[in-house]
Amino acid sequence: MTAQAHLGLSATRRLDSLSWPEAEKALQQSGSTVVWPMGAFEQHGPHLPLATDALFSERILASVLSELAANAPIWSLPSQSIGFSPEHAGFPGTLSVSSGLLTQLIIEVGTQLSAQGVKRLVLFNAHGGQIGLLQAAARELRVQSPSMAVLPCFLWSGVSGLAALIPEEELRGGLHAAQAETSLMLALEPRLVGEARPVDGDHRQPASLATPPPGWSLEGAAPTAWLTSDLSSSGVIGDSRAASAELGEALERCLVSHWANLFGSLLASNWPPSQPVAVVN
Ligand SMILES: [Zn+2]
């Protein structure tokens, strides 16, 4: 197996497949864009691998990049496969770095990319537990490297067409290793999916103590910074029973088409603005 096959990314889009003179030319192109897949190394129930989020960000990104014009100035970094996952502490196999360390890593790598001419850095994240952290890190990096746009996106957020594929209950309560994630893994890497199809978290019957107070919710407008141990003994938060490879294939098509559109629009744009707007009082 070659290194590229193992990583699942096309050689032409890997920044680290270039020589330094090629990288110099690539990164100084107008609109040069680097995408950093962000995953996690955390429990995903008794049936999904620890690499679930890392595999999703890397594989969907590889498909998205293959849809873009061959000469588009966009390259990927190797995925960051250990993320910020303290909510899953206590489940064997979970590894996590601190919020400060991950923030520092993003700023240090991002500052070097910007100094070498990169105009945009996309953090292509598939782990819901680090959305806020990556947004804060991106803002700090942008302040330090104002000529480079930093775009911290989440694989499952704002995806047109997703709501038509996933039942309402899963959209609201399938927070972890439930129907959507199990289905997508069945489509992408079925040999890594075990037999169990757990139901846990706020889907437990009878209703458990895991329900937040009225007006509050696990995620959403008035969220609680939940720990998996508040909600689930299996590590699943939601209901994985209706997962299927067919749904996974539909989710994959939907995610790839959505992100290919967004990357296309970013590449066609002049973002970020080259001149700051003057402050006027
Ligand atoms: Zn996940």
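It should be noted that the structure appears before, not after, this text.
Note that the structure is predicted; figures quoted are calculated from it, not measured.

Asker: What is the right way to read the nonpolar core from this model?
Answerer: Soluble globular proteins tend to pack their nonpolar side chains together in the buried interior. Among the nonpolar cores identified, the biggest contains 39 residues, and Phe 56, Phe 124, Leu 155, Trp 156, Trp 259 and Phe 263 are the most heavily contacted of them. Taken together, the elements giving at least two residues each to this core come down to helix H3 (52-67), strand S3 (120-125), strand S4 (149-154), helix H8 (179-188) and helix H10 (245-267). Among the elements that make up this core, the one with the highest residue count is H10 (9 residues). Contact partners of Phe 56, with chain neighbours within four places excluded, come to Leu 61, Ala 126, Leu 155, Trp 156, Glu 181, Leu 184, Met 185 and Leu 188. Ala 26, Trp 36, Leu 77 and Val 118 belong to the second-largest nonpolar core, a separate cluster that totals 22 residues.

Asker: Just checking my understanding: could you explain the coordination of the zinc ion for this structure?
Answerer: A four-donor tetrahedral metal ideally has 109.5 degree angles, and a six-donor octahedral metal ideally has angles of 90 or 180 degrees. Taken together, His 44 (NE2), Asp 53 (OD) and Glu 181 (OE) make up the full set of protein donors to the zinc ion, lying 2.1 to 2.2 Å away. All donors of the zinc ion belong to a single chain; written as a sequence motif, their spacing is H-x8-D-x127-E. The burial state of His 44 is the same as that of Asp 53; both residues are buried.

Asker: Looking at this structure, how should I read the environment of Trp 36?
Answerer: Tracing the chain through its elements places Trp 36 in strand S1 (residues 33-38). Setting aside chain neighbours within four positions, we find Trp 36 in contact with Leu 77, Pro 78, Ser 79, Gln 80, Leu 105, Ile 106, Val 109, Leu 121, Val 122, Leu 123 and Phe 124. Within polar-contact distance, the side chain of Trp 36 engages the backbone oxygen of Pro 78 at 3.4 Å.

Asker: Looking at this model, I keep getting lost on the pattern of salt bridges. Mind explaining?
Answerer: Side-chain pairs of opposite charge can arise whenever the charged atoms involved come near each other. Tallied over the entire structure, the rule returns 4 salt bridges. The salt bridge partner of Asp 16 is Arg 14, with a shortest N-O separation of 2.5 Å. By relative accessible area, Arg 14 is classed as buried at 3%. The salt bridge involving Glu 189 is made with Arg 59; its shortest N-O contact spans 2.4 Å. Of the two residues, Glu 189 is situated in the loop between H8 and strand S5 (199-200) and Arg 59 in helix H3; the sequence distance between them amounts to 130 residues.

What counts, and at which threshold
- Residues numbered from 1 in each chain as written.
- Predicted model: local features only at pLDDT ≥ 70, side-chain atom pairs only at ≥ 80, totals over all residues.
- Heavy atoms only, no water.
- Core = buried A, V, L, I, M, F, W, Y, C linked by side-chain atoms within 4.5 Å.
- Buried < 20%, exposed > 50% of the residue type's maximum accessible area, 1.4 Å probe, protein only.
- Helix = DSSP H or I, 4+ residues; strand = E, 2+ residues; numbered from the N terminus.
- Contact = heavy atoms within 4.5 Å.
- Donors = N, O, S within 2.8 Å, 3.2 Å for Na, K, Ca; no water.
- Polar contact = N/O pair within 3.5 Å; in protein donor to acceptor, adjacent residues only side chain to side chain.
- Salt bridge = Lys/Arg side-chain N within 4 Å of Asp/Glu carboxyl O.

By themselves, these figures tell us nothing about what the structure is for.
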